Amino acid sequence: MSEPQMVDPHDVVMTGENSFIRLSDDDGKTLADRVSHWRVLWSPAGQGHAMFIESPLTGKGPRIYADNAGVARFLQRTIEVMLYKGFADESLPVMDAVFERSGNSLSTVEERVISTDDEIILTWWDLMTPFVLTMPPGAMNRPLGVYSTFLPARSAQLSVNGKAASAKVFSQDRFGKPASSCCLAWSETWTKPKT
């Protein structure tokens, strides 16, 4: 009897977290607010945090906040270009920010992003049953694979400088698992075919 394969054969691109908030006024037909929050524990560009946001609360067009601009640019070139092209525009300036997390995964999790001009708070609560997303390179015609523990939230809020977004979380089925448009995505590793 052969031993099961215990080591993934692909090269690691990055590992960390990529939690997100996507809010809608029409139950997901269009997005009013989109946020991609990264906590990178390892990448070729080092470690650090980056947040990509597009919301009426921050003005027209996407914005980028980071405590390591190199990590933000690396994410744009490798991963965000597949997830949302608006966040992959490298002509966007990277604003320096401080990142803090509070709360816990059994009740409410809050990510706070503070720059010279802005205080942005992302909050997830009423969390659903977690599940592990497993997508090797090539799945969904993507060159990179991803393995991540999703903790979907029935409730979430985005606030910028004390003003909360009015759009809402919406339900989403993710590969047969009940989920939502707002998820904590922890223990996340992106991979590519071995070179």
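Here, the structure is the one placed above.
Residues numbered from 1 in each chain as written. Predicted model: local features only at pLDDT ≥ 70, side-chain atom pairs only at ≥ 80, totals over all residues. Heavy atoms only, no water.

Draft legend 1. Seen up close, the overall build of the chain. Along the backbone of the chain there are one helix and 13 strands. Going from N to C terminus, the chain has its helices and strands arranged as β-β-β-β-α-β-β-β-β-β-β-β-β-β. Expressed along its principal axes, the backbone C-alpha trace of the chain runs to roughly 60 × 35 × 30 Å. In the chain, buried positions account for 47% of the 195 residues. Taking the contacts inside the chain whose residues are at least 6 apart along the sequence as the reference set, 60% of them involve residues at least 24 apart. Working note: accessible area of the chain is about 9900 Å², and carbon and sulfur atoms make up 53% of it. Between the mean site of the 19 positive side-chain charges and the mean site of the 23 negative ones, the chain shows a separation of 4 Å. (Helix = DSSP H or I, 4+ residues; strand = E, 2+ residues; numbered from the N terminus. Buried < 20%, exposed > 50% of the residue type's maximum accessible area, 1.4 Å probe, protein only. Contact = heavy atoms within 4.5 Å. Areas by Shrake-Rupley, 256 points an atom, 1.4 Å probe, with all protein chains shown as cover. Lys, Arg positive; Asp, Glu negative; His and termini not counted. Charge placed at Lys NZ, Arg CZ, Asp CG, Glu CD.)

Draft legend 2. Region of interest: the side chain of Glu-111. Among the structural elements, Glu-111 can be located in strand S6 (residues 108-115). Polar contacts involving the side chain of Glu-111 include one to the side chain of Arg-39, which spans 2.8 Å. Look past the residues within four positions of Glu-111 in its chain and what remains in contact with it is Glu-17, His-37, Arg-39, Glu-100, Arg-101, Ile-120, Ile-121, Leu-122 and Trp-124. (Polar contact = N/O pair within 3.5 Å; in protein donor to acceptor, adjacent residues only side chain to side chain.)

Draft legend 3. A look at the pattern of salt bridges. On inspection of all chains with the given rule, the structure shows ten salt bridges. We note a salt bridge from Arg-101 to Glu-111, for which the minimum N-O separation is 3.3 Å. With Arg-101 in strand S5 (residues 94-103) and Glu-111 in strand S6, this pair connects stretches of sequence that are ten residues apart. Overlapping salt bridges, with partners in common, bring together Glu-17, Arg-39, Arg-101 and Glu-111 in one network. (Salt bridge = Lys/Arg side-chain N within 4 Å of Asp/Glu carboxyl O.)

Draft legend 4. Region of the structure containing the packing of aromatic side chains. Under the criterion given, the structure shown has four aromatic pairs. Relative to Phe-150, the ring of Phe-131 lies with its centre 5.7 Å away and its plane at 45°, an arrangement referred to as tilted. With a gap of 19 residues between them, Phe-131 in strand S8 (residues 131-135) and Phe-150 in strand S9 (residues 145-160) connect regions that are remote in the sequence. Joined through ring pairs, the aromatic side chains of Phe-20, Phe-131 and Phe-150 make up one cluster. (Phe/Tyr/Trp six-rings, centres within 6.5 Å; stacked < 30°, edge-to-face > 60°.)

Draft legend 5. Structural view of the nonpolar core. Ranked by size, the top nonpolar core spans 26 residues in total, and within it Trp-38, Leu-75 and Trp-190 carry the most contacts. Broken down by secondary-structure element, the contributors of at least two residues to this core are strand S1 (11-23), strand S2 (33-42), strand S3 (48-54), strand S4 (63-66), helix H1 (69-83), S8, S9 and strand S13 (182-192). The greatest single-element share of this core, amounting to five residues, is contributed by H1. If we ignore the near neighbours within four places in the chain, the residues touching Leu-75 are Trp-38, Val-40, Ala-50, Phe-52, Glu-80 and Val-81. In this structure, Met-51, Leu-158, Ala-165 and Ala-167 belong to the second largest nonpolar core, which totals 24 residues. (Core = buried A, V, L, I, M, F, W, Y, C linked by side-chain atoms within 4.5 Å.)

Draft legend 6. Expanded view of the pairing of S13. The element S13 is largely enclosed, with a buried count of nine among its eleven residues. Relative to S13, S1 runs antiparallel, the two sharing seven bridges. Across the sheet, Phe-20 pairs through a bridge with Cys-183, a residue of S13. Pairing of S9 with S13, which is carried by seven bridges, proceeds in the antiparallel orientation. Across the sheet, the residue bridging to Tyr-147 is Thr-189, located in S13. (Pairing = 2+ DSSP bridges.)

Draft legend 7. Quick peek at the environment of Ile-114. By the secondary structure assignment, Ile-114 is in strand S6. Separated by 61 residues in sequence, Ile-114 and Ile-53 place their C-alpha atoms 13 Å apart. If we ignore the near neighbours within four places in the chain, the residues touching Ile-114 are Asp-96, Ala-97, Val-98 and Glu-119.

Read these as spatial facts, not as claims about activity.
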